[in-house]
Amino acid sequence: MKATSQTIQQIERALRKIATKYPQGAEELVLTDIHLQVKADSGELLAFNDDDEELTRCVVEQWLGNNEENFYESIVPVLRQCIQNMRAMLESLSLLKPYSFVLVDEEKETLCDLYLVDDETVIVDGELLKGLDEDLNTFLKNLLEE
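The structure displayed is predicted, hence computed values, not measured ones. (Residues numbered from 1 in each chain as written. Predicted model: local features only at pLDDT ≥ 70, side-chain atom pairs only at ≥ 80, totals over all residues. Heavy atoms only, no water.)

Looking at the nonpolar core
Convention followed: Think of a nonpolar core as a cluster: buried Ala, Val, Leu, Ile, Met, Phe, Trp, Tyr and Cys residues, connected wherever their side-chain atoms sit within 4.5 Å. Working definition: with a 1.4 Å probe on protein chains only, accessible area under 20% of the residue-type maximum means buried, over 50% means exposed, and in between means partly exposed. Put simply, DSSP marks the helices as runs of H or I at least four residues long and the strands as runs of E at least two long, and each gets a number from the N terminus on. We call two residues in contact when some of their heavy atoms are within 4.5 Å.
Ile11, Leu15, Leu45, Trp63, Phe101 and Leu114 are the most contacted members of the largest nonpolar core, which has 34 residues in total. Looking at this core, the elements with two or more residues in it are α1 (5-21), β1 (34-39), β2 (44-48), β3 (54-59), α2 (71-85), β4 (99-104) and β5 (110-117). The biggest single contributor to this core is α2, with seven residues. Once residues lying within four places of it in the same chain are set aside, the contact partners of Trp63 are Met1, Thr7, Ile11, Val38, Ala40, Gly43, Leu45, Phe71, Ile75 and Leu79.

Focus on unusual backbone geometry
Backbone torsion omega between Lys97 and Pro98 reads 0 degrees, so that peptide bond is classified as cis. By the element assignment, Pro98 lies in the loop between α3 (87-90) and β4. Positive phi values are uncommon outside glycine, yet Asp52 reaches one of about 60 degrees. Positionally, Asp52 belongs in the loop between β2 and β3. Positive phi values are uncommon outside glycine, yet Lys108 reaches one of about 65 degrees.

A look at the pairing of β2
Operational definition: A pair of strands counts as paired when DSSP detects no fewer than two bridges linking them.
In terms of burial, β2 is a largely internal element, five of the five residues being buried. Neither face of β2 is open: one carries Glu44, Leu46 and Phe48, the other Leu45 and Ala47, and all of them are buried. Note that β1 and β2 share five bridges and pair antiparallel. When the sheet's bridge partners are listed, His35 is paired in β2 with Phe48. Taking the residues between adjacent antiparallel strands as the criterion, β1 and β2 are bridged by four residues, where Gly43 takes a positive phi near 75 degrees. Here five bridges tie β2 to β3, and the two strands are oriented antiparallel to one another. From the neighbouring strand, Glu44 faces β3, where its bridge partner is Val59. Counted along the chain from β2 to the antiparallel partner β3, the turn is five residues long, and its residue Asp52 has a positive phi close to 60 degrees.

Following this line, the structure appears as structure tokens:
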């Protein structure tokens, strides 16, 4: 799914609303992750903390009534790109590190880790690591044969 500029703006507006809940420089740091839930039928994007308190919601018009079989897989790159676009703001939230942005389903089960904020750790997209196990096994096999 190719996201429209309106879709990007709607998602980034929701991310900014989340940032206002945890402003940079707040004295007390909160221990939580940010859970993003998307409802394909209504087009809603909802954000929750670990206590299931709603942080924000918006309707992404492009997602209204979407019944594609691979809907969630198609929105992951869009959500990641929006988070990446706002990385500086989202990495300075008054949350205890490490914290992450997680895509969840309607039962609040994790579908995908979208982004991890930590000073020392970086989550690399799974596509980049595809085939790494086979490459390492081949390397080890060749090394042991010599």
